[in-house]
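One-letter residues, chain by chain:
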Amino acid sequence: MVAPSETFYWIAAFAIVAALVNTTGIVAIFQRRAWAERSLPYLMCFAAGILLTTPLIHALPNAIANNPDAGFSALAGFLFMFLSNKVIKRHTGEETLAFGVTAAEGIGIHSLVDGVVYTITFNVSLLTGVLAGAGLVVHEFAEGVITYLVLLKGDVTERTAATYAFFIAALTTPIGAFIAYPLVSGLGRSHLGLLLGFVSGVLIYVSAAHLLPEAQSYEKEHSTLALLAGVALALFIVFARMA
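Everything numeric here is computed off the predicted structure, so don't read it as measured data.

Cut-offs used in this document
Residues numbered from 1 in each chain as written. Predicted model: local features only at pLDDT ≥ 70, side-chain atom pairs only at ≥ 80, totals over all residues. Heavy atoms only, no water. Helix = DSSP H or I, 4+ residues; strand = E, 2+ residues; numbered from the N terminus. Buried < 20%, exposed > 50% of the residue type's maximum accessible area, 1.4 Å probe, protein only. Contact = heavy atoms within 4.5 Å. Phe/Tyr/Trp six-rings, centres within 6.5 Å; stacked < 30°, edge-to-face > 60°. Polar contact = N/O pair within 3.5 Å; in protein donor to acceptor, adjacent residues only side chain to side chain.

Draft legend 1. Quick peek at the overall build of the protein. Helix and strand content of the protein: 9 helices and 0 strands. Taken from the N to the C terminus, the helices and strands of the protein come in the order α-α-α-α-α-α-α-α-α. Going through the 243 residues of the protein one by one, you find that 47% of them count as buried. Taking all contacts inside the protein whose residues are at least 6 apart in sequence as the whole, residues at least 24 apart take part in 85%.

Draft legend 2. Layout of the packing of aromatic side chains. Enumeration over the complete set of coordinates arrives at 10 aromatic pairs. Between the aromatic rings of Phe-14 and Tyr-118, the centroid separation amounts to 6.3 Å while the plane-to-plane angle is 50°, which identifies the pairing as tilted. With Phe-14 in helix 1 (residues 6-31) and Tyr-118 in helix 4 (residues 97-124), this pair connects stretches of sequence that are 104 residues apart. Assigned by exposure class, Phe-14 and Tyr-118 land together as buried. Ring plane angle 75° and centroid distance 5.4 Å describe the contact between Phe-166 and Phe-167, whose orientation is recorded as edge-to-face. An aromatic cluster is defined as three or more aromatic residues linked by ring pairs; in this entry it consists of Phe-8, Tyr-9, Phe-178 and Tyr-181.

Draft legend 3. Spatial organisation of the side chain of Glu-140. Turning to its location among the elements, Glu-140 is positioned in helix 5 (residues 126-153). The class of Glu-140 is buried, set by a relative accessible area of 0%. Within polar-contact distance, the side chain of Glu-140 engages the side chain of Asn-22 at 2.8 Å. Leave out the neighbours within four places in its chain, and Glu-140 touches Ala-18, Val-21, Asn-22, Asp-114, Tyr-118, Ala-169 and Thr-173.

And the structure:
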């Protein structure tokens, strides 16, 4: 039997931490709703800063270095998220149980993709994995809160919404990572380059088209500083690794 590699342990650690942070978001909105709602815009802006900087400065250039066609897969990743979001929104037009269930299904798929992202990025390099993972872990708090709230809009009780949110948003990330690991770990650099390009497109969409517009809708003071702090942290990690 082959022992798990160091890469697997990094993937497992980040996936499990992501699930714990997601769960923290669910517990916070369940028990301390006012505090969670105040913190949500800042966390989304901070995560957006990391997730926007990571693909543009590091992940996408790395992907293209491994495969010149990675730009096409980045476009495919962005369009995949864009079209998926359109399909989800088409089915969430009214305040019924269908609203909460369909929106939660979309979040569940998104969380599953997050787990796959951990596997792909850590298989490319430790730096790529840490950068992408840091942004994704931070945004898991917001994702837990949002999942709970959309389930409440589906006319379920608060306790039921918290329970369903845990299974839908928190557990799906490590599941996605562990399912993807045996499929991704044996790929060559060229194929990893294509996958990393796809992931870069996904991260750009999540940051620029999902987290930022949602955070800006709250119009909170100092939210721009939170965004710039996320950018600064990602740049610091990149340049510290290069030094």
